Amino acid sequence: DQKGDGSAWLGGRYRLIRIGRSTFELAPIVRLGVPTSGAGAPARLEAAVAVGGVIGRFTWLANLGERARLSDDRGASGAPPVQGFLLAGATVDATDWLRAHALIDAHFLHLDAGGNKGAAGFGAGLELGRTLYGGASVRVTPTTPDGEGAFAAQLSFGVRQVGP
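Residues numbered from 1 in each chain as written. Predicted model: local features only at pLDDT ≥ 70, side-chain atom pairs only at ≥ 80, totals over all residues. Heavy atoms only, no water.

**Some thoughts on the overall build of the protein chain**
For step 1, the next point in the chain: Scanning the protein chain for helices and strands turns up 0 helices and 10 strands.
For step 2, the next point in the chain: Moving toward the C terminus, one meets the helices and strands of the protein chain in the order β-β-β-β-β-β-β-β-β-β.
For step 3, the next point in the chain: C-alpha extents for the protein chain along the principal axes are approximately 50 × 35 × 25 Å.
For step 4, the next point in the chain: In the protein chain, buried positions account for 26% of the 164 residues.
For step 5, the next point in the chain: Restricting the contact set of the protein chain to residue pairs at least 6 apart, pairs at least 24 apart contribute 43%.
For step 6, the next point in the chain: Put simply, the protein chain has 16 plus and 14 minus side-chain charges, and the middle of one group is 8 Å from the middle of the other. (Helix = DSSP H or I, 4+ residues; strand = E, 2+ residues; numbered from the N terminus. Buried < 20%, exposed > 50% of the residue type's maximum accessible area, 1.4 Å probe, protein only. Contact = heavy atoms within 4.5 Å. Lys, Arg positive; Asp, Glu negative; His and termini not counted. Charge placed at Lys NZ, Arg CZ, Asp CG, Glu CD.)

**Focus on the pattern of salt bridges**
For step 1, the next point in the chain: A complete count under the given rule lists 11 salt bridges for this structure.
For step 2, the next point in the chain: Here arginine 69 makes a salt bridge to aspartate 112, at a shortest N to O gap of 2.8 Å. Of the two residues, arginine 69 is situated in strand E5 (residues 58-69) and aspartate 112 in the loop between strand E7 (98-110) and strand E8 (116-129); the sequence distance between them amounts to 43 residues.
For step 3, the next point in the chain: On the accessibility criterion, arginine 69 (11% relative accessible area) is buried.
For step 4, the next point in the chain: When its relative accessible area of 36% is taken as the criterion, aspartate 112 is described as partly exposed. (Salt bridge = Lys/Arg side-chain N within 4 Å of Asp/Glu carboxyl O.)

Encoded structure:
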């Protein structure tokens, strides 16, 4: 019996600091997780700060934040009452139509039953295209929560804003 997230996330960020043409940026982030099914986690609030920048064909980003349940479900959904996280990633544009990306993440979970647990993962992938693009990513999570798989794959399609 695998537990799923069953949530939609709504939020925003505000670029508070931008140095040059994005050599360095800092932005606070606030998101609200809203349950999309009866089996989903209760509403959750997330606050984080993102820092990042661009150096030639290389970009980097890090997010540090915390997520908290807004009501107690005594662990029925699998979502911890409080969770801290750190994400760090980078991209490199191999050509003007090929971008590679990688991300590592670490999570510190405070559990309903007491105690704490760590979780971490690594993802990587490629994007092909210029303004319109498609991509594929894989993720490995060797420290998965109980009942979740260690591997995931994702396909993406999008529109990239053309810079000045």
